[in-house]
Every structure is written in C-alpha cells, then in structure tokens.
Amino acid sequence: MSILVLAEHHDGQLAEATAHVVAAAQQIARDGGGDIDVLVAGEGVSAIAEAAARLDGVSRVRVADDAVYAHQLAEPLGDLLVALSGDYGHVLATASTTGKNVLPRLAALSDVSQISEIIAVESADTFKRPIYAGNAIATVHSEDALKVITVRPTAFDAVGETGGGAIEAIDNGVDNALSSFIDERLEQSDRPELGAAKVVVSGGRGMGSGENFQLLDGIADKLGAAIGASRAAVDAGFVANDMQVGQTGKIVAPELYVAVGISGAIQHLAGMKDSKVIVAINKDEEAPIFQVADYGLVADLFEALPELESKL
Amino acid sequence: MKVLVAVKRVIDYNVKIRVKPDHSDVDLTNVKMAMNPFCEIAVEEAVRLKEKGVASEVVAVTVGPKAAQEQLRTALALGADRAIHVQTEAPVESLAAAKLLAKVVGEEQPQLTILGKQAIDSDNNQVGQMLAALTGRPQGTFASEVEVDGDTLKVTREIDGGLQTVALKLPAIVTTDLRLNEPRYAKLPDIMKAKKKPLDTKTPDELGVSVDSGLKRVAVEPPAERQGGVKVGSVDELVDKLKNEAKVL
Ligand SMILES: Cc1cc2nc3c(=O)[nH]c(=O)nc-3n(C[C@H](O)[C@H](O)[C@H](O)COP(=O)(O)OP(=O)(O)OC[C@H]3O[C@@H](n4cnc5c(N)ncnc54)[C@H](O)[C@@H]3O)c2cc1C
Ligand SMILES: Nc1ncnc2c1ncn2[C@@H]1O[C@H](COP(=O)(O)O)[C@@H](O)[C@H]1O
C-alpha cells in the first residue's frame with residue numbers, strides 16, 4: 001500500500017519539516033513497500049506543490065487547491081483526508097499544530113488509533129515514540145489497516161530535493177459549514193524558524209523582563225540562532241507563546257542549545273534534551289539544567305551575556 | 001447552556017517516572033496521581049463560564065479506574081455540578097476514550113465540551129479532535145481564549161507561528177492550552193461539599209463501546225541518558241570549549 005504525506009506549508013512556502021516527514025515515509029516504504037504521495041491542500045498552492053515534487057522519493061503530489069483549505073481548518077482538511085485515505089496504508093503528517101489538529105480526525109473517522117509524534121520507524125507497523133514528557137520511549141505496534149501517524153521532524157534527517165514527482169490536481173472541494181477563519185496574528189521574525197535552527201538561544205524566568213531578552217539578540221545575531229523561551233518566560237509575558245520550548249511547546253534538536261536563566265524542569269527538558277551540545281548559564285549551581293548541560297556556566301546572566309556577545 | 005468537561009487521572013506532573021526493569025511499562029506503584037494539568041484548565045474555564053452566567057450547568061466526566069473518582073471529586077470541588085464516571089480497569093487508548101465520550105455527549109447534549117489538549121502520560125494530543133470528528137461538531141484546539149457569542153464560539157488558538165482565531169458553530173468541542181486561564185485551588189469547604197454532589201457510574205459495556213485497541217505497547221524503555229557535562233569557570237573558557245572541543249562555533 002502507498003503512503004500519503006500531508007504537506008506542511010506557511011506563507012506560500014513548503015515547510016522544511018515536510019522533507020523530514022518524507023524521510024520517515026521512505027523508511028516505512030523500505031520495509032512495507034509502496035509509493036510516497038504528498039498531499040498539498042490550500043489556496044493558490046502551485047509553487048508549494050512544485051517544491052514538494054522535488055523532494056526525493058516522492059512519486060506524486062496531489063493538489064487540492066480550494067479556498068475551503070486556505071487556513072488549514074481541521075474540519076474540511078479532515079474530510080479531504082478521509083476521502084483520499086482509501087488509497088493508502090499510511091497517512092503521515094508533521095507533529096505541528098496543523099498535523100496534530102487534523103490527523104486525529106482522520107483516525108477517528110476511519111476507526112483506527114493514531115500514533116503520535118514518532119521518533120523512529122522500526123518497521124512498517126512498529127514505531128517508537130516518547131511518552132511521559134520524553135522520560136520513557138514506547139515501542140508501539142499497530143494492527144490497524146490504516147496507520148495514521150504524526151512525525152517529530154527533528155528525529156528524521158530531511159530528504160534531498162533532486163526528485164521529480166508528478167503533480168496532479170484533485171477536484172475535491174468539501175463543504176465546511178461548521179467553522180470559519182477570523183484572523184491570524186503571526187509573529188514576524190527575521191531569525192531562523194525555531195524547529196529548524198542550527199543554534200537556539202533560550203531565555204527563562206531568570207531573564208526578568210521582555211526587554212532583557214534583547215541581551216539574547218546580539219548573541220543570536222552572531223550565531224545565526226533562533227530565540228526560544230521557557231514556559232515561565234512566556235507566561236510572564238516576556239515573549240510570545242510561539243517561542244515556548246518543551247513538552248507542550250516546540251521540540252528542538254539543534255547543534256547548539258544555550259539555556260539562559262532556565263532551571264531545567266522536566267517539561268522544558270522534554271523539548272530540548274536531544275540537542276547535540278547544551279550550554280547552561282544559571283546563577284544557581286544546583287539548577288537541574290546543569291545535569292543535562294555539556295557546558296555549564298554558573299554566573300549572573302546580566303554579566304555573562306554581554307561578555308559572551310563581545311567574545312563571540 | 002450545559003458544559004461538559006473531560007478530565008483524566010494521570011501521574012502528577014512533578015513526578016519523574018521510572019521504567020520497569022523488564023521494560024514492559026512505566027512503574028506507577030505508589031506514584032502520586034492527579035488531574036491532568038490541561039484538564040484542570042478545562043474545569044476552570046467551564047466554572048468561569050458558569051460564574052459569568054454563560055453556562056447553566058457544568059458536568060465533569062472521566063473514563064478510568066475506580067480511583068479516578070478522586071479526580072471527579074476534585075472537579076466537583078472546583079465547581080462542577082455533577083459527575084459521570086465511565087468505569088473500567090482496562091487500559092483505555094485515546095480512540096476508545098473518544099468513543100466513550102462521544103456516547104456521553106450523545107446522552108448529555110452539551111453545547112460546549114472542553115478537554116485538555118494533551119494528557120501528560122501518553123502525550124497523545126488526540127481525544128478532543130477525535131471526539132469532534134465522531135460527534136460531527138467543530139473543534140477549537142489549543143485554545144488560549146474562548147468567547148461565547150450567541151450560537152457562535154470564538155476560539156483563539158495557539159498555533160506554531162502565533163495565534164489564530166476561528167468561529168465555531170455551537171455545539172462545539174474545545175481543547176485547552178496552558179494560557180487559557182490559571183486554575184484555582186479547591187477550598188476545604190468546597191471539598192467537603194463535593195462529597196455530596198451527584199456522581200453517576202457507567203461502564204463501557206452499558207455504553208456499547210469496546211475498549212480494545214489495534215495499538216499495542218510492545219516495550220517501554222528509558223531514554224538515552226545524557227552524559228553530565230562539565231562546569232566552565234568563565235565566559236572565555238566557555239567560548240574556547242565551544243570552538244575547540246565541541247566545534248560548534
Ligand atoms: C502541563 C505542563 C506543561 C508544561 N510545559 C512546559 C513547556 O513546554 N516548556 C517549559 O519550559 N515549561 C513547561 N512547563 C513549566 C515547567 O514545569 C517550569 O515551570 C518552567 O519550565 C520553568 O521555567 P524557568 O526555568 O524559566 O523558570 P524557573 O524554574 O523559575 O527558573 C528560573 C531560573 O533562572 C535562574 N536565574 C534567575 N536569575 C538569574 C540571573 N540573574 N542569572 C542567571 N540565572 C538566573 C534561576 O536560578 C532559576 O534556575 C509545563 C508545566 C506543566 C504543568
Ligand atoms: N480516559 C479519559 N477520560 C476522560 N477524558 C480523557 C481521557 N483521556 C483523555 N481525555 C481527555 O482528552 C484530553 C487529551 O488527551 P489525549 O488526547 O489522550 O492526550 C485530556 O486532557 C482529557 O481532557
């Protein structure tokens with residue numbers, strides 16, 4: 001049976017995460033066989049479809065171009081997936097807020113379980129996924145005819161972009177009388193996307209205020225880093241919610257993660273402990289973050305950060 | 001309007017779990033259990049809607065073992081009016097939970113059903129969306145703001161890039177994100193009063209739902225431990241290590 005990957009896209013561009021999900025699909029195909037199709041649903045998405053067709057391993061891109069999918073609302077997108085799913089043994093999406101929003105609808109309407117946020121493919125029907133905020137890794141086996149899966153992108157290396165899949169339009173505008181889009185307030189930033197950045201510099205409650213986050217700007221500029229935050233920093237209103245790293249925020253696994261004024265609660269660690277190198281700057285030498293940090297600096301951040309910026 | 005809130009009994013969020021030596025599961029013997037934090041937020045939102053006069057009745061529901069009654073009593077102490085316990089000692093996967101909740105929604109016909117976005121044991125993030133699909137109701141997931149306006153519900157959702165606001169036709173399903181509200185603590189007199197509030201018990205059999213699942217946990221392992229690193233004495237040493245040892249600069 002073939003595999004369908006739901007493309008993730010924002011602002012008219014295919015999200016980098018999709019290339020990681022296709023990599024997971026390739027691992028499934030290696031064991032279970034089958035072609036890999038990508039579904040691009042949205043309005044005015046031809047450039048996105050072309051980008052998806054270039055991903056290695058993709059045989060066919062199916063394009064549902066219709067205003068009803070413009071904001072990726074779960075109800076119509078779920079119905080579209082249900083209509084297409086008969087052709088597939090697996091349906092995969094990124095474990096993003098879009099994937100998490102829509103895939104469980106497909107699973108429920110197909111009367112199958114969903115396997116959330118896999119980090120490894122053992123075989124076409126067996127997967128690994130973190131549970132309990134990453135404090136345990138479960139191996140799960142699915143006997144369902146259709147496997148509905150969300151994929152943690154950081155756990156799979158992206159496929160290349162040398163492919164040449166076919167592009168096909170699907171004529172399937174479903175009705176949606178249940179929900180409608182009102183507006184969106186997206187955070188604008190010139191920095192790399194948190195989930196994909198090679199370096200992430202995060203601030204916690206210890207930063208003390210939103211203004212003090214500027215102390216991280218200079219360092220992030222020099223390192224080409226994305227800026228993240230702990231939940232405490234978001235709750236205190238220092239920074240926007242889309243910057244939260246952790247069990248219930250973004251999952252990151254950069255080459256370098258710098259945690260500043262973050263204590264290291266398990267819910268925060270769940271989002272960053274797969275980073276390659278972790279640096280912690282904290283004035284409390286007992287802070288649990290030091291137990292996972294490769295390099296710990298016990299220091300007042302207000303002194304350490306300006307010095308670090310000047311020495312980079 | 002009637003509001004239904006789904007609450008789940010899970011390990012307390014402060015507890016660091018251990019995997020059993022035979023890797024069959026995590027060890028929950030003598031571990032402190034509590035209401036899932038996202039469900040606390042769901043209960044709080046329902047109670048606030050009642051305090052504002054928007055909701056007329058708040059009904060709490062759980063699917064789980066006998067001991068899960070504790071979490072229903074907590075919901076009652078926090079302000080729910082009555083509770084429904086779908087009792088089963090069998091493990092309940094998200095799909096089965098959603099099917100059982102769909103039956104309860106069918107019986108109770110709430111205008112609004114509020115769930116947590118994610119249970120912190122399975123980290124599944126599925127049941128609300130599944131319930132919406134099964135009941136044919138619209139969903140507002142990861143909500144940070146909810147506003148009832150006639151027969152429409154305005155929900156502001158925390159999405160990856162920021163915030164999105166959608167309008168849902170009531171009756172609807174909402175799942176809570178962390179910033180929807182800050183839950184209150186139950187007061188002692190309310191805990192006493194909660195003991196007298198009605199609590200109905202049902203079984204999956206009575207609701208005609210099988211809790212069998214096509215998904216089996218075959219092993220549970222501890223994650224790869226990180227090697228504890230070193231402390232550096234100065235910013236200079238840090239920069240030097242990052243350049244020459246870790247080679248990430
Ligand atoms: C259901 C649930 C989900 C959650 N999900 C998440 C999540 O996804 N992500 C997340 O991050 N949290 C999450 N949390 C919250 C988590 O439990 C912690 O409360 C939070 O991570 C703490 O943030 P913090 O480390 O910034 O704050 P604190 O724990 O208050 O730590 C602040 C640190 O700053 C240090 N500090 C203070 N001043 C200075 C200074 N001048 N110089 C140097 N260091 C200084 C202190 O020593 C301290 O270690 C969740 C909680 C729950 C219940
Ligand atoms: N057994 C259960 N009983 C009642 N509600 C549940 C149960 N399981 C999940 N839920 C609800 O669904 C939410 C999300 O759970 P999940 O999709 O399993 O991560 C929880 O926060 C609860 O509100």
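Residues numbered from 1 in each chain as written. Chains lettered and ligands numbered in written order. Predicted model: local features only at pLDDT ≥ 70, side-chain atom pairs only at ≥ 80, totals over all residues. Heavy atoms only, no water.

**Some words on the site of ligand 1**
Neighbouring residues of ligand 1: 28 residues in total, closest R205, S230, S263, Q267 and N282 of chain A. Residues within reach of ligand 1 are spread across chains A and B. At a separation of 2.9 Å, an oxygen atom of ligand 1 approaches a polar backbone atom of R231 of chain A. With respect to ligand 1, the side chain of T248 of chain A contributes an N or O atom lying 2.8 Å from a nitrogen atom. Its free accessible area being 990 Å², ligand 1 has 85% of it covered by the protein chains. (Near = heavy atom within 4 Å. Polar contact = N/O pair within 3.5 Å; in protein donor to acceptor, adjacent residues only side chain to side chain. Areas by Shrake-Rupley, 256 points an atom, 1.4 Å probe, with all protein chains shown as cover.)

**Structural notes on the interface of chain B and chain A**
Taken together, the 78 residues of chain B in the interface contact 83 residues of chain A. Here chain B packs against chain A, burying approximately 6800 Å² in sum over the two surfaces, 55% of which is carbon and sulfur. Of all residues in chain B, the largest losses of buried area upon contact with chain A belong to D160, R226 and V235 of chain B, amounting jointly to 11% of the total for that side. Our count for the chain B to chain A interface comes out at five salt bridges. (Contact = heavy atoms within 4.5 Å. Buried area = accessible area lost by both parts, 1.4 Å probe. Salt bridge = Lys/Arg side-chain N within 4 Å of Asp/Glu carboxyl O.)

**Describing the sheet that holds strand β7 (residues 114-118) of chain A**
All names here are of chain A. Spatially, seven strands are ordered β7-β11-β6-β1-β4-β5-β12 in an open sheet, and the strand pairing comes out parallel. Every interior strand has two partners, whereas the edge strands, β7 and β12 (166-169), have only one. Strand-to-strand twist of the sheet, defined as the mean angle between neighbouring strand axes without regard to direction, takes the value 25°. Pairing of strand β4 (residues 36-42) with strand β5 (residues 60-65) involves six bridges; the strand directions are parallel. (Pairing = 2+ DSSP bridges. Helix = DSSP H or I, 4+ residues; strand = E, 2+ residues; numbered from the N terminus. Axes fitted to C-alpha atoms, helices over the stretch in contact; angles between N-to-C directions.)

**Section: the site of ligand 2**
Residues and elements named next belong to chain B. Residues in close proximity to ligand 2 total 18 residues, the closest being A6, V63, A119, Q126 and V127. For ligand 2, an oxygen atom lies 2.9 Å from a polar atom in the backbone of N125. Protein chains bury 98% of the 480 Å² of accessible surface belonging to ligand 2 in isolation. Counting only elements with at least two residues in the shell around ligand 2, the list comes to β6 (57-64), α3 (94-108) and β8 (112-116). Its residues assigned to classes, the shell around ligand 2 comprises eight nonpolar, nine polar and one charged. (Nonpolar A, V, L, I, M, F, W, Y, C, P; charged D, E, K, R; others polar.)

**Quick notes on the domain arrangement of chain A**
All names here are of chain A. Structurally, chain A comprises domain 1 (2-169) and domain 2 (194-311). Across the boundary between the two partners, domain 1 contributes seven residues, which contact ten residues of domain 2. Both sides together, the interface formed by domain 1 and domain 2 hides about 620 Å², and carbon and sulfur atoms give 54% of it. Broken down residue by residue, the surface that domain 1 buries against domain 2 is led by A133, R152 and T154, which jointly contribute 68%. On the surface where domain 1 and domain 2 come into contact, there are zero salt bridges. One can count one residue pair in polar contact (both at pLDDT 80 or more) joining domain 1 with domain 2. Split by residue class, the side of domain 1 that touches domain 2 holds one nonpolar, three polar and three charged. (Domains from an automatic or database assignment.)

**Describing helix α1 (residues 37-51) of chain B**
Residues and elements named next belong to chain B. With 15 residues, α1 should cover 21 Å at 1.5 Å per step; its first-to-last C-alpha distance of 21 Å lies within 8% of that length. For α1, the buried fraction is high: eleven of the 15 residues fall into the buried class. Positive backbone phi, at 85°, marks G53, one or two positions downstream of α1. (Expected span 1.5 Å × (residues − 1). Buried < 20%, exposed > 50% of the residue type's maximum accessible area, 1.4 Å probe, protein only.)

**Examining the packing of helix α5 (residues 214-223) of chain A against helix α8 (residues 301-311) of chain A**
Residues and elements named next belong to chain A. Where α5 meets α8, the closest approach of the two axes is 9 Å, and the angle between their N-to-C directions is 30°. Accordingly, the angle class assigned to the pair α5 and α8 is roughly parallel. Helix-helix and strand crossings are classified by hand; for α5 and α8 the assignment is left-handed. Counting all contacts with α5, which are made through L215, L216, G218, I219 and K222, the residues of α8 involved are L301, F302, L305, P306, L308, E309 and S310. Of the residues in the contact of α5 with α8, the class split is eight nonpolar, two polar and two charged. (Parallel < 35°, antiparallel > 145°, perpendicular 65-115°, else oblique. Left-handed = near helix turned anticlockwise from the far one by under 90°.)

**What to know about the packing of helix α4 (residues 97-109) of chain A against helix α4 (residues 127-135) of chain B**
Two quantities define a packed helix pair, namely the angle between the helix axes and the distance between the axes. At a minimum axis separation of 8 Å, α4 of chain A and α4 of chain B run at an interaxial angle of 50°. Here α4 of chain A is positioned oblique relative to α4 of chain B, judged by the angle of their axes. Relative to α4 of chain B, the crossing made by α4 of chain A is right-handed. Residues K100, N101, P104, R105, A107, A108 and L109 of chain A of α4 of chain A pack against Q129, M130, A132, A133 and L134 of chain B of α4 of chain B. Tallied by class, the residues present in the contact of α4 of chain A with α4 of chain B amount to eight nonpolar, two polar and two charged.

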